[in-house]
Amino acid sequence: MRSPFLVLFSVTVLLSAAGRAQDIYVDETTRQTMILKYRLGGFAHGVQSFHVADFGALPGVLSCCQSFTGGTATSFSGGILAEFPLRERIRIEARLGFASLSGDFSRTEKIGNEPVLEDGPGPRQTRRDVNVRHDFTSSIPLFTIEPSLLYSVNDRITAQAGLRMGIMGSTSYSQRETLIEPEGYVFLNGSTIRNQSEGQIPLAAVQQMHVIIGGRYDLVTTNSYTISPEVRYALPLSNISDVNWAVHSVQAGVSVRFGVFRPIEAVIVRDTVYKRDTQTIVRRGIVEPRLERIDASVNESTRRDGDSIYVTTTIAESYRKELPAPFDPGLSVRIVAGGDEGKDAKLTRMRVEELDVIENYPMLPQLFFAEGSADLSKTKQRLLTAAEASAFSLSMLTRDQIGVYANLLNVIGQRLMQDPSRKITVSGYCNNTGVEQGNRELSRSRAESVKTYLTSVWQIDPQRITVRGGLLPDQPANSSTPEGRVENQRVEIAASVPEVLEPIEFRDKDLIVTPPVISVGSALKQDDDIATWTLVLEQAGRLLYTAKGEGTPENVSWDASKATNKPRKDDPIIARIRVRNDRGASVEASDTVAVEYVNLQTMRARQEEGKIVERYSLIVFDFNSAQLNPANQRTMDRVKARIQPESRVRIVGYADKSGNPEYNRNLARKRCLEVQKVLGLSDERVTLEPVGSDRLIFENETPEGRSYSRTVQIELVTPVR
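Residues numbered from 1 in each chain as written. Predicted model: local features only at pLDDT ≥ 70, side-chain atom pairs only at ≥ 80, totals over all residues. Heavy atoms only, no water.

Some thoughts on the packing of aromatic side chains
Here comes step 1: Throughout the structure, instances matching the rule amount to 18 aromatic pairs.
Here comes step 2: Between Phe105 and Phe136, the aromatic rings sit 5.9 Å apart at their centres with planes inclined by 65°, giving edge-to-face as the arrangement. Residue Phe105 is located in strand β5 (residues 103–118), and its partner Phe136 is located in strand β6 (residues 124–139); the two are separated by 31 residues in the primary sequence.
Here comes step 3: Taking the relative accessible area as the measure of exposure, Phe105 reaches 2% and is therefore buried.
Here comes step 4: Classification of Phe136 as buried rests on a relative accessible area of 1%. (Phe/Tyr/Trp six-rings, centres within 6.5 Å; stacked < 30°, edge-to-face > 60°. Helix = DSSP H or I, 4+ residues; strand = E, 2+ residues; numbered from the N terminus. Buried < 20%, exposed > 50% of the residue type's maximum accessible area, 1.4 Å probe, protein only.)

Below you can see the structure in the form of structure tokens.
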């Protein structure tokens, strides 16, 4: 047993060099990465078998042995193998080979009072105790197939587990029983041997199965050649025959593997190289650049480098490029006074004068509700919380009549808080049609919603607010129209003292610009290539006006007196015109006009004449009425007191959009004449402008806007020094 193992180990050490099995390597010549497909090889083992048994005789075979319990045998096994990688450390292996399950059993036994023959000239039968030896020898070749799973513990050590399935070849046995003591005696058959037999093992289990576990240590000479010492153990899962007889074995030997590799799939790297030769020509009369290909050729080359295949496509092209001539329309800009299309002399200076403005915004004591609703939050009123009401101030309001109206209840609330003796009457009304037909309860609910807001948010004593509910207002709008019905869905507020509903007065400064209108014109040497133009007027980076158009730039007039953004500094006004063609190219030209900004302090220092402008809007007229409301009397008295002998007075009358324009102009004239009459002004001292609905001063889609449009504005211009 010692000899075969020693020989196999010595051969392994002498033939192998230390190394590591490689599944992937780079070919030194081609620089290609090679990857393992599989390994083929063979193996040779020395085998030490251990027979584990508990039988006295095979079925049908005469034997007087009490029991064979164990035996051993030394043999060789070998075969071929194939190994396939699954994952980084896991492989499967299949082996085809030959092994031996042969073994020898021997058992010594003492038999008492055994009949024997005493050896001599005349054999004589006697009985006595004898010692016998039972010998049993088997010859069991096994052809095997072994699938197993391999796991690489590290770069050299691999563990193995699998099954060995075998088919027995021609099985045979031989047995005998030999009398060994005492000497000089034989069995009754006249020989020291009896129960001798041989033949095929009866009821042999032709199919054998073992569990194989083991491991190997890899020694490598080249990337593809591996020699591995290995040790394996075979655990039987079946008996040899129909008796209790199984064979364990330990195998030690060497396996040799030859790797079969393939190059990894090459990565194709494509690249396209353009070689272009372009001739550029500048040409007038074309809108966009033109590019024409004159000639082209394509060439492809392939080069392999390691794991990459480089495919290069070279495209050689010749082009002719035509470019439009540079965009140069010869643009110039000029600022002139007035709108005379640039024929006047160039304007070099503008004068901007400050003037004091006193503006009077009337309170419209009416709130308009949605149809069928008494919800105050659905009106145009700005509703505050109690905390916001405590911080409310008239100084928060701006020169915006509709914005002032949105704070009607807040102004009333604050004025009631200022004087506990002041009281108001809140009267609710409905349109008395449809869902509001005869609905006095809805009218009263509208008035109650106003009272609730004033008492809860502004903390007004409820006893100071009288609530009423009716059908149509005393001065109703036309209920046959949708606009009229909406205006009748309202609450009217009357006060015990006029101070509660008196107008809101603003003091501010306005500007007079001289000349009020300027014209910006342009000149071009050629204009057939212009697509769009843009004009910008600005002062010190602040935008004053902008205009734009298509084609040749137009002369543009700007009325600074009516502009929202007026000049407010001494910095010059710059007019810039930019023209652009269809290709996106642009050219800009500009002109500048100086600004003389004169404030009130400067005028007083120079002893120049300034102006105070006062504008008063009357509380709105009733629908289709030219009669002054008694609530206007305080305003009229104030206007009378402010008119000086040198004052210029202008009365402008307006109407809402209801009715035709001619009728509205006549109605506005009647309103202007009524104001002139109350003021007691002669025709020489006043200018009347009955605008009517030709120019709507408020948006007329809401009842508030229409109501505020039924007004007269009085303007007083008084010179001061």
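Picking up after the structure, the text goes on.
Some words on the nonpolar core
Here comes step 1: One finds Leu367, Ile424, Val450 and Trp458 to be the most contacted residues of the largest nonpolar core, which totals 37 residues.
Here comes step 2: Broken down by secondary-structure element, the contributors of at least two residues to this core are β21 (366–368), α3 (401–406), α4 (408–418), β22 (424–428), α5 (440–456), β23 (465–469), β24 (490–495) and β25 (504–514).
Here comes step 3: The leading source of residues in this core is α4, at 5 residues.
Here comes step 4: Residues within four places of Val450 in sequence aside, it is in contact with Leu367, Leu376, Leu409, Val426, Val491 and Ile493.
Here comes step 5: Val520, Trp533, Ile577 and Val595 belong to the second-largest nonpolar core, a separate cluster that totals 30 residues. (Core = buried A, V, L, I, M, F, W, Y, C linked by side-chain atoms within 4.5 Å. Contact = heavy atoms within 4.5 Å.)

Some words on the sheet that holds strand β18 (residues 308–324)
Here comes step 1: Taken together, the 3 strands give an open sheet; going across it, the order is β16-β18-β17, and neighbouring strands pair in mixed fashion. Lying at the two open borders of the sheet, with one neighbouring strand each, are β16 (267–283) and β17 (290–305). Here the average twist between neighbouring strands, direction ignored, is 10°.
Here comes step 2: Here 15 bridges tie β17 to β18, and the two strands are oriented antiparallel to one another. Paired with Arg290 across the strands is Glu322, a residue of β18. (Pairing = 2+ DSSP bridges. Axes fitted to C-alpha atoms, helices over the stretch in contact; angles between N-to-C directions.)

Some details on the packing of α4 against α5
Here comes step 1: It is at 10 Å that the axes of α4 and α5 come closest, and there the two elements cross at 50°. Classified by the interaxial angle, the pair formed by α4 and α5 is oblique. Remark: the crossing between α4 and α5 carries right-handed chirality. Residues Leu409, Asn410 and Gly413 of α4 form the contact with α5, whose own contacting residues are Val450, Tyr453 and Leu454. (Parallel < 35°, antiparallel > 145°, perpendicular 65-115°, else oblique. Left-handed = near helix turned anticlockwise from the far one by under 90°.)

Examining the layout of surface pockets
Here comes step 1: Counted as a void, the largest pocket has a volume near 1200 Å³.
Here comes step 2: Secondary structure elements with two or more residues in the lining of the largest pocket: β20 (349–361), β25, β32 (610–617), β33 (648–654) and β35 (712–720).
Here comes step 3: Counting residues per element, the lining of the largest pocket draws most heavily on β25, which supplies 6 residues.
Here comes step 4: Here the residues of the lining of the largest pocket are counted per class, giving 17 nonpolar, 8 polar and 14 charged.
Here comes step 5: Looking at the second largest pocket, its volume works out to about 970 Å³.
Here comes step 6: Secondary structure elements with two or more residues in the lining of the second largest pocket: β22, β23, β24 and α8 (633–642). (1 Å grid on protein atoms, 1.4 Å probe; cavity = no way out; pocket = protein on both sides within 12 Å on 5 of 7 lines; lining within 4 Å. Points joined across faces, edges and corners; volume = space filled by probe spheres on them. Nonpolar A, V, L, I, M, F, W, Y, C, P; charged D, E, K, R; others polar.)

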